[in-house]
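Chain residues, written in single-letter form:
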Amino acid sequence: MQLPERQLAVLEAASATDERTVAEIAAETGLKPETVAGAAFDLADEDLVEVGSVTDETFEVTDEGRRYVDDGLPETRLYRAGVDAGADAEPVSMGAVIGEADLDGPEVDIALANFARKGFGSVEGGELSVDPDADLDADPEATALAALADAGEEGLDAGDLDVDEAVIGQLDSRGLLAVGESVTRTVRLTDDGVDALMTGVEATETVGALTPELLASGEWRDVEFAEYNVEAEAETARGGRKHVLRRTADRVKDVLVGMGFQEMEGPHADADFWINDCLFMPQDHPARTHWDRFALDVDPMEAIPAELIDRVESAHRDGWGEDGDGYHSPWSEEFAREVALRGHTTSLSMRYLSGAAGAELEPPQRYFSVEKVYRNDTLDPTHLLEFFQIEGWVMAEDLSVRDLMGTFEEFYRQFGITDIRFKPHYNPYTEPSFELFGEHPETGEEIEIGNSGVFREEVTGPLGVDCDVMAWGLALERLAMLTTGAEDIRDLHGTLADIDFLRNAEVSY
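Residues numbered from 1 in each chain as written. Predicted model: local features only at pLDDT ≥ 70, side-chain atom pairs only at ≥ 80, totals over all residues. Heavy atoms only, no water.

Q: Could you clarify how one ought to interpret the packing of aromatic side chains in this entry?
A: Both the distance between ring centres and the angle between the ring planes are used here to describe each pair of aromatic rings. Tallying each qualifying case throughout the model produces 13 aromatic pairs. Centre to centre, the rings of F408 and W472 are 5.4 Å apart; their planes meet at 75°, and the pair counts as edge-to-face. With F408 in helix α17 (residues 401-413) and W472 in strand β20 (residues 468-475), this pair connects stretches of sequence that are 64 residues apart. Just as F408 is buried, W472 falls in that class too. With a centroid separation of 5.3 Å and an interplanar angle of 55°, the aromatic rings of F411 and F415 are classed as tilted. For the residue pair F411 and F415, the accessibility class agrees, reading buried in each case. Linked through ring pairs, F261, F408, F422, F434 and W472 together constitute an aromatic cluster. (Phe/Tyr/Trp six-rings, centres within 6.5 Å; stacked < 30°, edge-to-face > 60°. Helix = DSSP H or I, 4+ residues; strand = E, 2+ residues; numbered from the N terminus. Buried < 20%, exposed > 50% of the residue type's maximum accessible area, 1.4 Å probe, protein only.)

Q: Please clarify how the sheet that holds strand β5 (residues 121-124) should be interpreted in this entry.
A: Paired through backbone hydrogen bonds, the strands of a sheet run either parallel or antiparallel to each other. The antiparallel open sheet is built from three strands, whose spatial order is β4-β6-β5. Lying at the two open borders of the sheet, with one neighbouring strand each, are β4 (92-93) and β5. Inspection of the sheet shows β4 paired to strand β6 (residues 127-130) by two bridges, in the antiparallel sense. Bridged to V92 within β6 is L128. Those strands touched by helix α7 (residues 106-117) are β5 and β6, and its axis lies near 125° from that of β5. (Pairing = 2+ DSSP bridges. Contact = heavy atoms within 4.5 Å. Axes fitted to C-alpha atoms, helices over the stretch in contact; angles between N-to-C directions.)

Q: Is there a simple way to explain the packing of helix α12 (residues 244-258) against helix α19 (residues 476-484) in this structure?
A: In helix packing, the relevant descriptors are the interaxial angle and the interaxial distance, both defined with respect to the helix axes. With their axes 10 Å apart at the nearest point, α12 and α19 run at an angle of 100° to one another. Between α12 and α19, the angle is such that the two are roughly perpendicular. Counted together, V244, L245, T248, A249 and V252 of α12 and L476, E477, L479, A480 and T484 of α19 form the full contact between these two elements. Of the residues assigned to the contact of α12 with α19, the class counts are seven nonpolar, two polar and one charged. (Parallel < 35°, antiparallel > 145°, perpendicular 65-115°, else oblique. Nonpolar A, V, L, I, M, F, W, Y, C, P; charged D, E, K, R; others polar.)

Q: Looking at this structure, how should I read the nonpolar core?
A: A general trend in soluble globular proteins is that nonpolar side chains are found buried together. Judged by nonpolar contacts, the single largest core of 43 residues is most densely connected at V252, I390, F411 and Y412. Ranked by residue count, the leading element in this core is α12, at six residues. Counting 33 residues, the second largest nonpolar core, distinct from the first, contains A315, L348, V465 and V469. (Core = buried A, V, L, I, M, F, W, Y, C linked by side-chain atoms within 4.5 Å.)

Q: Explain the pairing of β5 here, please?
A: Strand residues, when the strand is regular, have side chains that alternate between the two faces of the sheet. Here β5 pairs with β6 via four bridges, running antiparallel. The residue of β6 that forms the bridge with S122 is S129.

Q: How should the pairing of strand β18 (residues 430-439) be read in this particular structure?
A: By the criterion of burial, β18 is predominantly enclosed, with seven of the ten residues buried. When strand β17 (residues 421-425) meets β18, the two strands line up antiparallel, connected through five bridges. Residue pairing in the sheet places H425 in a bridge with S433 of β18. Pairing geometry for β18 and strand β19 (residues 446-455), over eight bridges, is antiparallel. Within β19, the residue paired with T430 across the bridge is F455. Hairpin connection between β18 and β19: a loop of six residues separates the two successive antiparallel strands, and G444 in this loop has a positive phi of roughly 75°.

Q: Would you mind showing me how to read a negative patch on the surface here?
A: On the surface, D45, E46, D47, D191, D192, D195, E224 and E227 cluster together into a negatively charged patch. In this structure, E227 sits in the loop between β11 (224-225) and α12. Residue classification places E227 among the exposed residues on the basis of a relative accessible area of 72%. (Patch = residues over 30% accessible without salt bridge, like charges linked within 9 Å, V, L, I, M, F, W, Y side chains within 5 Å. Areas by Shrake-Rupley, 256 points an atom, 1.4 Å probe, with all protein chains shown as cover. Salt bridge = Lys/Arg side-chain N within 4 Å of Asp/Glu carboxyl O. Lys, Arg positive; Asp, Glu negative; His and termini not counted. Charge placed at Lys NZ, Arg CZ, Asp CG, Glu CD.)

Q: What should I look at first to understand the pattern of salt bridges in this one?
A: Pairing of side chains with opposite charge becomes possible as their charged atoms draw close. Using the criterion set out here, one finds 27 salt bridges in the structure. Close ionic contact of E333 with R337 constitutes a salt bridge, the shortest N to O distance being 3.0 Å. Here E333 and its partner R337 are both found in helix α15 (residues 333-337), four residues apart, which amounts to about one turn of the helix. Residue classification places R337 among the buried positions, given a relative accessible area of 12%. Of the charged contacts in the structure, one is a salt bridge between E386 and K372, with a shortest N-O distance of 2.9 Å. Pair noted here: E386 is in strand β16 (residues 386-396) and K372 is in strand β15 (residues 365-374), with a separation of 14 residues, a long-range link. Overlapping salt bridges, with partners in common, bring together E75, R117, K118, D139, E141 and R174 in one network.

Q: Sorry, what's going on with helix α16 (residues 346-353) here?
A: Every α-helix winds through 3.6 residues per turn, so residues three or four apart in the chain are directed the same way. Counted residue by residue, α16 has eight buried out of eight residues, so it is predominantly covered. By the burial criterion, the buried members of α16 are T346, S347, L348, S349, M350, R351, Y352 and L353. Looking at the residues trailing α16, positive phi occurs at G355, about 90°.

Q: Help me understand the sheet that holds β15, please; the structure alone is not making it clear to me.
A: With mixed pairing, seven strands are arranged side by side in an open sheet as β12-β15-β16-β20-β19-β18-β17. A single partner strand is all that each edge strand has here, and the edge strands are β12 (262-263) and β17. As paired strands, β16 and β20 are joined by eight bridges and run antiparallel to one another. Note on β20: the bridge partner recorded for Q389 is A475. Contacting β12, β15 and β16, α12 runs over the sheet at an angle of about 165° to β15. In the packing of α17 onto the sheet, contacts are made with β16, β17, β18, β19 and β20, and the angle to β20 comes to roughly 35°.

Rendered as C-alpha cells:
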C-alpha cells in the first residue's frame, strides 16, 4: 500500500489501544495540527483510523472580572470598608461606607446585592452592619475568579477547575467569566490500519500542482496528486466590505447628483449664528439650551460678516419685510458667536445661501450634503447622539409645496420606496412645513424619516436671497432602516452594532 507522506506519518503515530489527540501527533511528527487533522480524516475515509472528538467547557475571565481580581469584588470591598468603619460592632451610615469602599456607579448596586446574598452582613434603614465572623478567604467566587485569572488567556477546562457548578453559574450571570467550548480531535488505529502497517506501507510523493517541469519530463504519470476536499470545514475568511451606512450614503449622493444637485461641505463645530440664528431660531428656544446642544469650550467665532449679523439680529428683534414681526426677546451677539457641534447640517445651507461659502447663487440652484450631526437625545431604537443627515435645498422662482413633495417622491423612488406620507408640521424657519414618514418593511411601523418646508422670509431675507428656497433634512440611518430592514438604529453603528448584520445586510433600492 502506498500513502502520501503526511498520511503515513499520522498512521504510524496513531495507536490501536489509546486515543491520541491531534496535538500529540502533531508534536511527534512535526506536522501542523491542521495538517494532522486533514490527514486523519483522509485515513478515516479509507477505514484505517477512527477520528473522534471530545467537547469540553472552557472558562475565561472577562475584563470586568480581571479588574475585580486586582481590586477585589465590590461586595468584598464594601465588607472591608464596613469593618474599618466599625460596622462589625454597630450599624454605620451606608453612604459613608460606600465612599470609603471606593465604589462607583453600577458597582454600588452590585456590592449591595451580593453583600447580603453572601451573608457578609445586612443593610436596613440606610445603615450597614457587617458580620464579624464572615470569612472572605472562603468566598468560592473570589477563589474561582483568581484561578481563572492565573490561567492566562488560554482559559481553563471544566475538569481543571474544581469549583461547584453553581459558583460557575453565578460568575457567568455576573458577566465575570466567559463560558465557551473547546473541541479536541482524537485518532485511533482501526484493525485495517494495524493490518496495513504490518503488511507494509510505503510513502508516495504527493504533488499539489501540475507544473511545466512535470509535463516536460513525463513524471506527472508516476506522481500522486493531492486531493482537495472542498467540503472540509475551514475557518471563515472575512474580507473587508463597505459599511452599510457608507453604501447608503454613496447611493444617496449618486441619486442627488443625478437629480442635478451639487454637494456642500463645512465645519462640524460651528458658531451658533450659522447653526440657529440664521434659521430664525430664537435664542431662548429650548433646543438651544445645554440640554440639547453640545457646546464647546473654545474661543468665539470671529469670522462672521458684520453686516449679516446686523440683518439677522434685526430679523430676530423686529421681523423682516413689511408684515414681519420679530420675537421681541433677548438676542446676544456674544451667544451667536459661541461655538457648538452642529445639531443639523442646515448650518451648511446658511453658509452657502449667504454666499459665505463661495457658492453660485444665481437661481435656479440645487445643493445637498450627507454629513454627521450631533444632538443630546435619549438613545432609543430611532435616536442616536450622533447621526448622518441628508441636507438639501433648491433655490428658484415660484416654488411650491408640490415641487417639494415631488422632489421627495422622485428621490425615494430611487430606493424602491413609493409610500411616503406627509404630515403638516411647525418649524421656526419654514412655512409651510411638513414631516415625512415611511413604513418599515419588517415591522410595518410608521417611521419619521425627515423634516422639510419652504424657508421663511425671515431666513432668506437677511441672507440676501430674494426668491423661494425649499429645503429638507432627512435621516440617513432611518433610510438605511427602510432599505435593509434593520429594526434598531443601533444595529447600524455604535457600540451595540450587530457585526453579523453589518456583514450580511444588503441595501435594496
